[in-house]
Amino acid sequence: SRIGNDSEFIMEYSVLNTTDAQDLTVKSGDTISAKIVVDKGSLSIKIQKDGEEPIYESDGISSSNEFDVEIDESGTYTVEVTGKKAKGSVSFIVVTKQ
């Protein structure tokens, strides 16, 4: 299953052997809150703004993890998830600065 809009990207999968991406609209000072669950296989994750250098990149993720990515510059950020025989879920949610 997959939910995606400009403030969240959530997927659950029993087998992910492809790449999926979602654009998130983020303002300076906001945070992208990530929750990764890997039950099997591995994931690669990349977060980048408009073709610039990625602000977060990790390959071969094979264990569950939670982390926050602070946003310095407002804009549209693409979250890209690639699975290799992966089972589990990912969640990326924009948390607005209070």
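A quick note: this is a predicted structure, and the numbers were derived from the prediction, not measured. (Residues numbered from 1 in each chain as written. Predicted model: local features only at pLDDT ≥ 70, side-chain atom pairs only at ≥ 80, totals over all residues. Heavy atoms only, no water.)

Throughout the structure, instances matching the rule amount to three salt bridges. As a salt-bridge pair, Arg 2 and Asp 20 come within 2.6 Å of each other at their nearest N and O atoms. Of this pair, Arg 2 sits in strand β1 (residues 2-4) while Asp 20 sits in strand β3 (residues 19-26), and the two are 18 residues apart along the sequence. The salt bridge partner of Glu 73 is Lys 49, with a shortest N-O separation of 2.8 Å. Pair noted here: Glu 73 is in the loop between β6 (65-70) and β7 (75-95) and Lys 49 is in strand β4 (residues 31-49), with a separation of 24 residues, a long-range link. For Glu 73, a relative accessible area of 42% puts it in the partly exposed group. Through salt bridges with shared partners, one network takes in Lys 49, Glu 52 and Glu 73. (Salt bridge = Lys/Arg side-chain N within 4 Å of Asp/Glu carboxyl O. Helix = DSSP H or I, 4+ residues; strand = E, 2+ residues; numbered from the N terminus. Buried < 20%, exposed > 50% of the residue type's maximum accessible area, 1.4 Å probe, protein only.)

In this section: the packing of aromatic side chains. Per the stated rule, a full pass over the model turns up two aromatic pairs. Centre to centre, the rings of Phe 9 and Phe 92 are 6.2 Å apart; their planes meet at 20 degrees, and the pair counts as stacked. In this pair, Phe 9 is assigned in strand β2 (residues 8-16) and Phe 92 in strand β7, connecting sequence segments 83 residues apart. Accessibility assignment for this pair places Phe 9 and Phe 92 in one class, buried. With a centroid separation of 4.4 Å and an interplanar angle of 20 degrees, the aromatic rings of Tyr 56 and Phe 67 are classed as stacked. (Phe/Tyr/Trp six-rings, centres within 6.5 Å; stacked < 30°, edge-to-face > 60°.)

What follows is about the nonpolar core. Grouped together as the largest cluster of nonpolar side chains are 25 residues, with contacts concentrated most on Ile 36, Leu 43, Val 81 and Phe 92. Listing elements by their share of this core, those giving two or more residues are β2, β3, β4, β5 (56-61), β6 and β7. (Core = buried A, V, L, I, M, F, W, Y, C linked by side-chain atoms within 4.5 Å.)

Let us look at the side chain of Ser 42. Here Ser 42 shows up in strand β4. Here Ser 42 is in contact with Gly 60, Ile 61, Thr 82, Gly 83, Lys 84 and Ala 86, once residues within four sequence places are set aside. (Contact = heavy atoms within 4.5 Å.)

Shape is all these values report; function is a separate question.
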